[in-house]
Amino acid sequence: MSRLRILLARLAEWLRPRRPEELDDELQTHLDHLTDDYVRRGLSRDDARAAARRQFGNVDQTKEAVRDRRGFARVDDLLRDVRYASRLLMKSRAFTLTAVLTLALGIGVNTAIFSFVNAVLLRPLPYPDADRLVSLFEARVGAAPASESTHGSSIAHDAEANRITVAPANLGDYARLTTQFSGLAGVSLVGRNLTGAGTPERLLGESVTWNYFSVLGVAPALGRLFDPAEDREGAPPVAIISDGLWRSRFGADDRILGGTLLLDNTPYHIVGVMPAAFTPAMQFNSTDVITFWTPAAFPADLLAQHGDHEINVVGRLAPGATGASAQAALTRVSEDLARQFPQSNSTLRAFISPLGDDVVSKVRTSLLILIGTVSAILLIACVNVANLLLVRAVARRREMAVRVALGAARSRVMTELVTESLVLAGVACAVGVALAELTRRLLVAAAPASIPRLTDVTLDWRVLAFAALVSLVTGLGFGLLPAWQAGRARPVDALRSSERVVAGTWVMKWRNGLMVLEIALSTILLTGAGLMLKSLVLLNGVELGFESDRVLTANINLPVTRYPTADDRLRFFDALAARLASQPGVDDVAFANRFPLRGGWETGIGVDGLNLPGDGSIDVASQAVSPGYFRTLGIPLVRGRLLTPADVKTTEPVAVVSDEFSRKVLAGGDPIGRRFRRAPTAPWITIVGVVHDVRRDGRDSAITPQIFLAAAQTNLYPVRIADLAVRTSADPRALGATIRSAVLEIDPNQPITAVRTLAEILSARAAERRFETLLFALFAALAIVLAVVGIFGVVSYAVSQRTPEIGVRMALGADGGRILRWLLGRTAVVVAAGAIAGVAASTALSRFVTALLFQVQPRDGAVYAMAALLLSTVALATAALAARAATRVNPTSALRTD
Amino acid sequence: MPPDKTDVLQGTLALMILKTLQTLGPQHGYGIARRIEQMSGDQLALNQGTLYPALVRLEQAGWIRARWGASDNNRRAKFYSLTPRGARQLAAEARRWETVAGIVERFLAPSEPRS
């Protein structure tokens, strides 16, 4: 009870401090009274005064004791220390500026990278109770994992690797037979042509089960969500649109509800508009913006097909359910399904993982490595500042010793020094946050759009708290070293005349240790950057097997409502190709399901005369292409003939295969004349030619066996003919308008999308790798700059410490070169130690970067050697520059300084 | 928590100060110090400076109150007086002290010879 009263009283005193004279007066009165007393007892005035003092005790100690009890003296001390430290720092501007800038760089890059980590990895997805949302997927168990490096891993990991989309037929059972979810919703991406008012447009949307929005926990801004009745086959088509589409296409008109959206020539009744802040579940995986939602309304035949995996599933855990309980229930239902439908489900199980995990998994590694990198930079910055502070501490050691000799408590002196470091760190934090904001803007602008949640990267309170924490920790970290050194100050040192004597050998040992650390850290970063750079160079050197620079591609998705048959679509594309072929600048025109880099599928085929295991078919990448395909892409013929306009429906079905197909599938021999078919009852297709291999999915993809079918002979295909390419000797981008107007001349309601040169697609694919490499290179450069500054400081200081010794040596006849060699010899040992430590650490850490590398061993000897050599050279050159001052020492003056 | 040495000492000093103020009425620091020394029969060598931190604490606890005034030989001095809360505290402390003293006394009393 009285404790609280005392605390409140002290708080009041702290807010309205008493005048210190009051206490002085009170004690003086006491002393006067005592003196009077002694005078009355017969002492002389002077003796009485002395006796009174003896009786009273130490006046200053009393004052100190009272002052400690009044208010919060410690806080006042702290504020005083801060003011004192600020004054001291203002006095030595060069030191302060160097230290603040160095630290601010470290804090700045760390904060900027953390803002990415925060947005991408830490911040929950933008839904209410996002931690209760899961992503449900199916996977084949017992099957070999898709990637090679997962041997002996857990089932969950295998499931992740063999992850496939969910069969709508199974989804119903998962939802009906478990009680662990308050909702499971199916969602898949769909593309539709928007026509009607304005230019035709290709829109990206989500086809969703009716409960999709309520599972995510979002409400529409206008109108309503879907009804269960609307999510049935044959129900009148309805749609919900995004805020963006509502504004761009409908002028944000409130009367939009009840209006229609013409998608692929089907009118959809608009029932709702989502708020601008809503991020659809599939948006995290897509760089194109999702703008509409339609009910999935699974057809009955699909709901009967347990082997048809088509949709993604998001779920919300029911109250009380846990991830483990939900997983157990799902496993039970999947096992039941496996017994019921052994043909499709015997090895199939359902799994859940937190929603968003799959989105960030690909960038997690990169971000974690980046965090490691910027931590190393911060460490180097700290080492530099610790060095600077150490120099100051040594210079002030006599001052400290004098103060300790005069009775200052060591703890007070040390507190003062730590305060100074914290003030430095505080200022550096402010500058660092400003730098971080700048860096963040640059990075967000430069980052490839494929990095998820990029728009969420901001300096929010979490990031600022991080910056403050990092500053505090670093401030304490590098501040304790000089404080500890001051704590060792002995009063006797105050009596020594030379500061140089005071700077003991342990200081040099410390500094050499710090230098080794700096060089080692820089070597690690440089090695990492080197590995990434080598990957990029190797990747760019990979032959694609097709021309990419001068080929412009476009997607023209013909809606089934207007082009119901394969023949209709073929007629459209033939007409378009003919029209374009006569345009100036167009060298070749071709169309296909998809051109390389723009998607691909596999078809199961049976080969004549080949006894294939299992059901007798093998899955092979295949495309239906027009005769101009190979010429347009510059794919050379190896043997036989290419497809021609004469290969039509009425003639013998023919195909061209890739070299790899004839090697791997046909196992050598002459492929010309061999036959395959796409189903046991389908007609045989004869191979008439072999073309050179291509890397269909880009430079980092493997070469796979491929077949090319004649588009005019193919009407059965998972994706309809929709891709067009023109090859030109002029600027390919200029042809975009030509293609567009040619399409509109044939069909004014037909949009075209994805107009890009293949080179542009390649470049976008490599953007993440390029961006990462750029970041690592920049950070490595930053580390080296900081290390160079640090080494320069250490060596110059060492030289200045050794000036008398150098003077003696020169007086004894050593010339400049000899002095330089002597000084550098010492530095070389430190540099070598740092480089060796760096290479050793890189070797140990290299396995973490494996995922970021392309055809480069994480322990690539050449890269390691280059990094170590480059860094040693730079370090020694810096040291030589700093040591040059020594060769200009005048022996006489050098000896006089002492 | 059993009171350790300094607690007892500090508690004792506070008790003495409060009792002095109750007996003599408002007093300045010197007066309190003298009274304590006199009452102890000059057996207590009080380092008079230690009195002041204790006074600060008692004032903060609201048991005593300080006011500037003139001392008997016309010096400006700070006078401390007991507050009602302080009086209650004194009574409680005194009771506690008597109990403790009684216990200690019984402990130190010459023990009965065992038969």
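Keep in mind it's a predicted model, so treat the numbers as computed, not measured.

**Points about the overall build of chain B**
Argument step 1. When helices and strands are tallied, chain B shows four helices and three strands.
Argument step 2. Each helix and strand of chain B, ordered N terminal to C terminal, gives the series α-β-α-α-β-β-α.
Argument step 3. Nonlocal contacts in chain B, meaning residues at least 24 apart in sequence, comprise 46% of its contacts between residues at least 6 apart.

**Looking at the overall build of chain A**
Argument step 1. On a plain count of helices and strands, chain A comes out with 29 helices and 22 strands.
Argument step 2. Computed over the C-alpha atoms, the radius of gyration of chain A is 38 Å, more than 25% above the 29 Å expected from 2.2 N^0.38 for a compact globule of 898 residues.
Argument step 3. Dimensions of chain A along its principal axes, counting C-alpha atoms only, are 140 × 80 × 55 Å.
Argument step 4. Counting the 898 residues in chain A, one finds 40% classified as buried.
Argument step 5. Expressed as a percentage of contacts within chain A between residues at least 6 apart in sequence, the contacts between residues at least 24 apart total 83%.

**A short note on the interface of chain B and chain A**
Argument step 1. On the chain A side, the residues contacting the 19 residues of chain B number 24 residues.
Argument step 2. Counting residues per element, the ones that place at least two in the side of chain B that touches chain A are α2 (29–39), α3 (51–60) and β3 (76–82) of chain B.
Argument step 3. Its residues assigned to classes, the side of chain B that touches chain A shows six nonpolar, nine polar and four charged.

**Topic: the nonpolar core**
Residues and elements named next belong to chain A.
Argument step 1. Grouped together as the largest cluster of nonpolar side chains are 104 residues, with contacts concentrated most on L103, I377, F779 and A783.
Argument step 2. Ranked by residues supplied to this core, first place goes to helix α14 (residues 357–395) with 18 residues.
Argument step 3. Beyond its immediate stretch of four places on either side in the chain, A783 contacts A376, I377, I380, L521, S522 and L525.
Argument step 4. Among the nonpolar cores identified, the runner-up in size contains 59 residues, and V654, V656, V688 and L709 belong to it.

**Quick word on the pairing of strand β21 (residues 723–728) of chain A**
Residues and elements named next belong to chain A.
Argument step 1. Burial analysis of β21 places six of its six residues in the buried class, which makes it a mostly covered element.
Argument step 2. On β21, burial covers both faces: D723, A725 and R727 on one face and L724, V726 and T728 on the other are all buried.
Argument step 3. The sheet contact formed by strand β12 (residues 551–555) and β21 spans five bridges and is antiparallel. Looking at β21, one finds that A554 is bridged to L724.

**A closer look at the sheet that holds strand β2 (residues 64–70) of chain B**
Residue and element names in this part refer to chain B.
Argument step 1. With antiparallel pairing, the three strands of this open sheet are ordered in space as β1-β3-β2. Because the sheet does not close on itself, it has two edges, and the strands there are β1 (27–28) and β2.
Argument step 2. In this sheet, β3 lies alongside β1 in antiparallel orientation, the contact comprising two bridges. Along β3, the bridge assignment pairs H28 with F79.

**Considering the pairing of strand β4 (residues 201–208) of chain A**
Residue and element names in this part refer to chain A.
Argument step 1. The pairing of strand β3 (residues 181–195) with β4 spans eight bridges and is antiparallel. For N193, the partnering residue across the bridge sits in β4 and is R202.
Argument step 2. Between β3 and β4, which pair antiparallel and follow one another directly, the connecting turn spans five residues, one of which, G196, has a positive phi of 110°.
Argument step 3. Pairing geometry for β4 and strand β9 (residues 290–295), over five bridges, is parallel. The partner of S207 across the bridge, within β9, is T294.

**Things to note about the domain arrangement of chain A**
Argument step 1. Structurally, chain A comprises domain 1 (2–71), domain 2 (130–355), domain 3 (362–540 + 767–896) and domain 4 (557–751).
Argument step 2. A C-alpha centroid distance of 58 Å is found between domain 3 of chain A and domain 4 of chain A.

**Considering unusual backbone geometry**
Residue and element names in this part refer to chain A.
Argument step 1. For A252, which is not glycine, the phi torsion reads 50° and is therefore positive.
Argument step 2. Note on placement: A252 falls in the loop between α10 (243–250) and β7 (260–263).
Argument step 3. For A297, which is not glycine, the phi torsion reads 40° and is therefore positive.
Argument step 4. For A297, the location among the structural elements is in the loop between β9 and α11 (300–304).

So, how was this worked out
Residues numbered from 1 in each chain as written. Chains lettered and ligands numbered in written order. Predicted model: local features only at pLDDT ≥ 70, side-chain atom pairs only at ≥ 80, totals over all residues. Helix = DSSP H or I, 4+ residues; strand = E, 2+ residues; numbered from the N terminus. Contact = placed C-beta atoms within 7 Å. Rg over C-alpha atoms; globule rule 2.2 N^0.38 Å. Buried ≥ 20, exposed ≤ 12 C-beta atoms within 10 Å, placed from the backbone. Nonpolar A, V, L, I, M, F, W, Y, C, P; charged D, E, K, R; others polar. Core = buried A, V, L, I, M, F, W, Y, C linked by C-beta atoms within 7 Å. Pairing = 2+ DSSP bridges. Domains from an automatic or database assignment.

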